[in-house]
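# Inside the fold
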Amino acid sequence: MRLRWRPDPDAPPPSGVVGVGAVARALRAKLSACVGNAADRGDAPSPLMVAAHGDMLILTGASDALPWVDGARYIAPRSDAPTLWLPTHARPDVPLDLLADALARKLPPAQAQSSMLLWPDPAQLVPLH
């Protein structure tokens, strides 16, 4: 399936952050530092879910808990396709609900109902369970 991506002027607030390659390593270091700093202060670290895929690191959670790293991209699900997560800076030029249904049919049944990240470059579909 070939998709064209376009800027998303109505992107929702971020619910996750993605790093690829060197940015993923920097994001992991930032996450480790945040957890370490919270432990040093006696605070509980902000709850984030962590997923990895190839050389990609994905953190999801509350917008204000997401770390910032130069080169990282933010992600969020869309209201018209709640299981489909996309970068906040771009979206495919097809109806998202139909795209989410088509992508779910390509996944094994156990993964078809879970959230998935559609990433443009390099193009990949990453289950977020």
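Residues numbered from 1 in each chain as written. Predicted model: local features only at pLDDT ≥ 70, side-chain atom pairs only at ≥ 80, totals over all residues. Heavy atoms only, no water.

### Section: the overall build of the chain
Formally: Strands here mean DSSP runs of E at least two residues long; helices mean DSSP runs of H or I at least four residues long; both are numbered from the N terminus. Accessibility here uses a 1.4 Å probe with only protein chains present; expressed as a share of the type maximum, an area under 20% marks a residue as buried, one over 50% as exposed, and anything in between as partly exposed. Any pair of residues with heavy atoms lying within 4.5 Å of one another is described as a contacting pair.
Check the secondary structure of the chain and you find three helices and nine strands. In the chain, the order of α-helices and β-strands from amino to carboxyl end is β-β-α-β-β-β-β-β-α-α-β-β. Per-residue burial over the chain gives 40% buried out of 129 residues. Contacts in the chain between residues far apart in sequence, at least 24 positions, make up 58% of those at least 6 positions apart.

### Description of the nonpolar core
Short version of the rule: Buried Ala, Val, Leu, Ile, Met, Phe, Trp, Tyr and Cys residues form a nonpolar core when they are joined through side-chain atoms within 4.5 Å.
Val 17, Val 23, Ala 24, Leu 27, Leu 31, Leu 48, Leu 57, Leu 59, Ala 65, Leu 66, Val 69 and Ala 72 form the largest nonpolar core, which has 12 residues in total. Those elements that provide at least two residues to this core are helix H1 (22-41) and strand S4 (56-61). It is H1 that provides the largest number of residues to this core, a total of four residues. Beyond its immediate chain neighbours, meaning those up to four positions away, Ala 72 contacts Val 17, Val 18 and Val 23. Within the second largest apolar cluster, 11 residues are counted, among which are Leu 86, Leu 99, Leu 107 and Leu 118.

### Concerning unusual backbone geometry
For the bond running from Asp 121 to Pro 122, omega is 0°, close enough to zero to count as cis. Mapping Pro 122 onto the fold places it in the loop between strand S8 (116-120) and strand S9 (123-127).

### Notes on the sheet that holds strand S2 (residues 16-20)
Going by this rule: Two strands make a pair as long as DSSP finds a minimum of two bridges between them. All axes here are fitted lines through C-alpha atoms, helices being fitted over the stretch that makes contact, and every angle between N-to-C directions spans 0 to 180 degrees.
As summarised here, the arrangement of the seven strands in space is S3-S4-S2-S5-S6-S8-S9, forming an open sheet in which the pairing is mixed. With partners counted over all chains shown, the strands left at the sheet margins are strand S3 (48-53) and S9, one partner each. Direction aside, neighbouring strands of the sheet carry axes that sit 25° apart on average. For strand S6 (residues 81-87) and S8, the ladder comprises two bridges, and the chain directions are parallel. Across the sheet, Trp 85 pairs through a bridge with Leu 117, a residue of S8.

### Things to note about the environment of Pro 14
As for its position among the elements, Pro 14 is in the loop between strand S1 (5-7) and S2. Take Pro 14: its relative accessible area is 24%, and that puts it in the partly exposed class. Each C-alpha atom of the pair Pro 14 and Ile 75 lies 5.4 Å from the other, and the pair is 61 residues apart in sequence. Those residues in contact with Pro 14 that lie beyond four places of it in its chain are Ser 63, Leu 66, Tyr 74, Ile 75, Ala 76 and Thr 88.

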